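Results of the structural survey
Chain residues, written in single-letter form:
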Amino acid sequence: TFTYDALPPVSTPTSPADGATVVTTQPTLTTTAVTDPDGEAVRYNYTVSSAASGGGTAVSSGWTPNTSWTVPDYVLQDGSTYYWKVDVWDSVQGA
């Protein structure tokens, strides 16, 4: 036997917006809240990288239940371009 587990929906990054310029090296990343169709707890993982492809990861939040996360101090460099994404995970699968 097996049990089917529905994937949690994809969360949409909301702030800072795509292409935005921020004036801090500690931006707060915010995403939309999602609800797992199976009712399982949802976790978010924020990743900041130096490449649009996601390569060159500068920092990752680790799995957190929060829909926002502030990049720690002394990670990002002033004047550099960074890209961020958020992944969603439930207790069984990721999206």
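Residues numbered from 1 in each chain as written. Predicted model: local features only at pLDDT ≥ 70, side-chain atom pairs only at ≥ 80, totals over all residues. Heavy atoms only, no water.

In a beta sheet, neighbouring strands pair by backbone hydrogen bonds and run either parallel or antiparallel. If you walk across this open sheet you meet the three strands as S1-S2-S5, and the pairing is antiparallel. Both outer strands of the open sheet, strand S1 (13-15) and strand S5 (68-70), are each paired with one neighbouring strand and no more. Neighbour-to-neighbour, the strand axes of the sheet open up by a mean angle of 30°, direction not taken into account. Sheet topology note: the S1/strand S2 (residues 28-31) ladder contains two bridges and is antiparallel. Along S2, the bridge assignment pairs Pro 13 with Thr 31. (Pairing = 2+ DSSP bridges. Helix = DSSP H or I, 4+ residues; strand = E, 2+ residues; numbered from the N terminus. Axes fitted to C-alpha atoms, helices over the stretch in contact; angles between N-to-C directions.)

Core analysis: the largest hydrophobic core is formed by 13 residues, its most contacted members being Leu 29, Tyr 44, Tyr 46, Val 48, Trp 69, Val 71 and Trp 84. Of all the elements in the fold, those that place two or more residues in this core are strand S3 (43-49) and strand S6 (83-89). In this view, Val 48 contacts Leu 29, Thr 57, Ala 58, Val 59, Trp 69, Val 71, Leu 76, Tyr 82, Tyr 83 and Trp 84; residues no more than four positions away in its chain are not counted. (Core = buried A, V, L, I, M, F, W, Y, C linked by side-chain atoms within 4.5 Å. Buried < 20%, exposed > 50% of the residue type's maximum accessible area, 1.4 Å probe, protein only. Contact = heavy atoms within 4.5 Å.)

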